[in-house]
Structures are given as structure tokens and as C-alpha cells.
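Commentary on secondary and tertiary structure
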Amino acid sequence: MSLRKLFGLRENTKSRAYRARRAAELHGLVIRYVTERHGENDDVIGRGGNLSLKGDQLLVFSSGEILLRADVRDLEISHLMSGDGVILTAPNLEEGGRVRTMTAHYVYHRK
């Protein structure tokens, strides 16, 4: 047990090490579908695929294309309460740095 946990100190969620560890947890997960919010609706933008960590970048590969390529240091990761997906917010390097927020829903898995 680390001293941080022992004394109830929170980890720095803005640190590069924290974000890299969270991104590494996602590496290799298989995606059922990917959604993105447009106004009040969630639109499906991809089906099938996976999450991959390649160097310092996380890639969301779905429907035969890369939907999101983001540097780990700029990536915000939030897991869904149900545990079957993750919300990713980051500048998309595939689109010249436009910030996108998408939800990747996993194929059933158990940890």
C-alpha cells in the first residue's frame, strides 16, 4: 500500500504519469460502438474496433478508421458508472487539434 493511500491523499489527476497509467488501462479493449453528443442527441459515429496505446498517443479505431488520436498528456478519461465504457475528451490530432468528446462502449468484459 502506498503512503498516499495510507494517509488518504489523492493522486494528482493532472500529472502525466497518472494520465499515462489510465490510458494504459484502456489499451486493447474491444469497442462495441462509439458515440458523440450533438446537441441533446448521442449519435453513433463508429461500430466495432478497439482502443490502442501507441507511444504517447491513444487511438480510437472504429468502423475502419481512426476516430480519435490524442496525446496522453492532453487526454481526459472518465469511466461510465456502469463500467461498460469510457468518455474521452482531447484535441484530435487527426483533425488538426479540434477538441472532441466521445464515448466508447466496450464489448462485454469483466475485470
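The text that follows walks through the structure, step by step, so that each part is easy to find. Note that the coordinates shown come from a computational prediction; the quantities given were computed from them, not determined experimentally. Counting starts from 1 at the beginning of each chain's written sequence and moves along it residue by residue. Whole-chain, interface and lining totals are the exception, using all residues; otherwise, since this is a predicted model, local features are given only for residues with pLDDT of at least 70 and side-chain atom pairs are given and counted only at 80 or more. No hydrogens and no water enter the side-chain calculation; it runs on all heavy atoms of the structure.

The next point concerns the pattern of salt bridges. Here a salt bridge means any side-chain nitrogen of Lys or Arg lying within 4 Å of a carboxyl oxygen belonging to Asp or Glu. What the rule picks out here adds up to seven salt bridges. Between Asp71 and Arg73 there is a salt bridge; the shortest N-O distance is 3.6 Å. Residue classification places Asp71 among the buried positions, given a relative accessible area of 15%. With a 1.4 Å probe rolled over the protein chains alone, any residue whose accessible area is under 20% of its type maximum counts as buried; one over 50% counts as exposed, and the rest are partly exposed. A residue is classified by how much of its surface remains accessible, and Arg73, at 48% relative accessible area, is partly exposed. Of the charged contacts in the structure, one is a salt bridge between Arg100 and Glu95, with a shortest N-O distance of 3.0 Å.

A few words on the nonpolar core. Only buried residues count toward a nonpolar core, which is a set of Ala, Val, Leu, Ile, Met, Phe, Trp, Tyr and Cys residues joined through side-chain atoms within 4.5 Å. In terms of nonpolar packing, the biggest core is built from 20 residues, with Leu26, Leu51, Val60, Leu75, Val86 and Leu88 touching the most fellow members. Breaking this core down by element, the ones donating at least two residues are helix H2 (16-26), strand S1 (31-38), strand S4 (57-62), strand S5 (65-71), strand S7 (85-92) and strand S8 (98-106). Residue contacts are defined here by distance: any two heavy atoms, one from each residue, within 4.5 Å place the two residues in contact. Other than its neighbours up to four places away in sequence, Leu75 contacts Arg19, Ala23, Leu58, Ala70, Leu88, Thr89 and Ala90. A run of H or I in DSSP counts as a helix once it spans at least four residues, and a run of E counts as a strand once it spans at least two, with each numbered from the N terminus.

Take unusual backbone geometry next. Here the phi dihedral of Ser63 falls at roughly 55°; this positive angle occurs in a residue that is not glycine. You can see Ser63 is positioned in the loop between S4 and S5. Look at Ser63 and you get partly exposed, because its relative accessible area is 43%.

Before going further, it helps to spend a moment on the sheet that holds strand S2 (residues 41-47). Here, strands pair whenever DSSP counts at least two bridges between them. Reading across from one edge, S2-S1-S8-S7-S6 is the order of the five strands in this open sheet, with antiparallel pairing throughout. Of all strands in the sheet, those with a lone pairing partner are S2 and strand S6 (76-79), marking the two edges. Neighbour-to-neighbour, the strand axes of the sheet open up by a mean angle of 30°, direction not taken into account. Here eight bridges tie S7 to S8, and the two strands are oriented antiparallel to one another. Bridging across to S8, Ala90 finds its partner in Arg100. To obtain an axis, a line is fitted to C-alpha atoms, over the contacting stretch when the element is a helix, and the angle between two such axes runs from 0 to 180 degrees between their N-to-C directions.

Let us look at H2. Here H2 has its buried residues at Tyr18, Arg19, Arg22, Ala23 and Leu26. Taken around the axis of H2, the buried residues stretch over an arc of 130°, which confines them to a single face. Just beyond H2, the residue with positive phi is Gly28, at close to 90°. As used here, the arc is the angular range of directions from the helix axis to the C-beta atoms.

The residue Arg22 is located in helix H2 in this model. This count recognises Lys and Arg as positive and Asp and Glu as negative, with His and chain-terminal groups excluded. Notably, Arg22 is buried but unbridged: the nearest opposite-charge side chain belongs to Glu25, and the N-O separation is 4.1 Å. Side chain to side chain, Arg22 and His79 meet in a polar contact 3.3 Å long. Excluding its chain neighbours within four sequence positions, the residues that come into contact with Arg22 are Ile77 and His79. A 3.5 Å cut-off defines polar contacts: any pair of N or O atoms within that distance qualifies, except that in protein one atom must be a possible hydrogen donor and the other a possible acceptor, and neighbouring residues in sequence count only when both atoms are side-chain atoms.

Any link to function would need more than the numbers given here.
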